[in-house]
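Chains, contacts and geometry: an overview
The lines below spell out each chain.
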Amino acid sequence: MKVLVTCFDPFGGESVNPASLVVNDLPDKIGEADIIKLEIPTVFYKSIEKVRKAIDEIKPDFVLSIGEAGGRSRISVERVGINVDDARIPDNEKQAPVDTPVVLNGKTAYFATLPIKDMVRTINANNIPSEISNTAGTYVCNHVMYGVLQYIDENNLNIKAGFIHIPFVLEQVINKPNMPSMSKETLTLGIEFAIKAFVDPEFSVKSGKVESNTH
């Protein structure tokens, strides 16, 4: 069993991206699953192309993408990716699409195919704040979530996929008063529990066995 876990490089003037820090700290194996880590650029289109190439080469069973969401206070497991790019700030190659489809003539949206409620329940049961989010935004994170799910659907691949947003790490908020953050160690544990929830459905958490419920 193989899980492709992607993360982004720093963007928006930040010196680090917590997603990259967390993914790099994940173990190489979780349960029976091999964890393959991939950093992708915070760049429209190039980001999706890099993940698509990795999917073709690695042929994973699962794809989980991780991104930064500064201002959020919980690990946010995303429900849906939408077919819209509408950049609040330019990406790392100065692109800033407005009201542009991720995929021309593509479906309006794709739901995550990972068991998002199981993931949230498992993270919370281990005393790490988590929630389901109903918006992945319209920046490169949503771009990748939609693009990956669209590629899987278009090619009829037997792969489950989804996206998680995480808060800033502590070092990013030193000069940002009242900004939510979590330690890198806590975030890494949270992502590990999220992965356990879908690679091992029988994984036992403090509140009991998780129940299957994707949406």
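Quick look at the structure, then.

Structurally, the position occupied by H143 is in helix α4 (residues 140-154). Note on H143: relative accessible area 0%, which makes it buried. Within the local environment of H143, its side chain forms a polar contact with the side chain of D85, the two groups lying 2.9 Å apart. Residues contacting H143, with those up to four places away along its chain left out, are F44, Y45, S47, I48, D85 and V102.

What follows deals with the nonpolar core. For soluble globular proteins, nonpolar side chains are generally found buried alongside one another. I164, I191 and I195 are the most contacted members of the largest nonpolar core, which totals 65 residues. Per-element accounting of this core gives the leading share, 9 residues, to α4.

Another point: empty space enclosed by the protein. Applying the stated criterion across every chain yields a total of 1 cavity of 30 Å³ or more. Here the largest cavity defines a volume of roughly 30 Å³. If you trace the largest cavity, you find it lined by S65, V144, M145, V148, L149, A161, G162 and F163. Counting residues per element, the ones that place at least two in the lining of the largest cavity are α4 and β9 (160-166). Each residue belonging to the lining of the largest cavity can be placed in one class, and the counts come to 6 nonpolar, 2 polar and no charged.

In terms of burial, strand β4 (residues 62-68) is largely enclosed, as 7 of its 7 residues are buried. Burial of β4 is two-sided: the residues F62, L64, I66 and E68 facing one way and the residues V63, S65 and G67 facing the other way are all buried. Direction of pairing for strand β1 (residues 2-8) relative to β4: parallel, over a ladder of 4 bridges. Paired with V3 across the two strands is F62, which belongs to β4.

To describe two helices that pack against each other, one gives the angle between their axes and the distance between the axes. For the pair helix α2 (residues 46-58) and α4, the least separation of the axes is 9 Å and the interaxial angle reads 35°. In this structure, the crossing between α2 and α4 has a hand that is right-handed. Of α4, the residues touching α2 (which contributes S47, I48, V51, R52, I55 and D56) are V140, H143, V144, G147, V148, Q150 and Y151. Classifying every residue of the contact of α2 with α4 gives 7 nonpolar, 4 polar and 2 charged.

Conventions and cut-offs
- Residues numbered from 1 in each chain as written.
- Predicted model: local features only at pLDDT ≥ 70, side-chain atom pairs only at ≥ 80, totals over all residues.
- Heavy atoms only, no water.
- Helix = DSSP H or I, 4+ residues; strand = E, 2+ residues; numbered from the N terminus.
- Buried < 20%, exposed > 50% of the residue type's maximum accessible area, 1.4 Å probe, protein only.
- Polar contact = N/O pair within 3.5 Å; in protein donor to acceptor, adjacent residues only side chain to side chain.
- Contact = heavy atoms within 4.5 Å.
- Core = buried A, V, L, I, M, F, W, Y, C linked by side-chain atoms within 4.5 Å.
- 1 Å grid on protein atoms, 1.4 Å probe; cavity = no way out; pocket = protein on both sides within 12 Å on 5 of 7 lines; lining within 4 Å.
- Points joined across faces, edges and corners; volume = space filled by probe spheres on them.
- Nonpolar A, V, L, I, M, F, W, Y, C, P; charged D, E, K, R; others polar.
- Pairing = 2+ DSSP bridges.
- Axes fitted to C-alpha atoms, helices over the stretch in contact; angles between N-to-C directions.
- Left-handed = near helix turned anticlockwise from the far one by under 90°.

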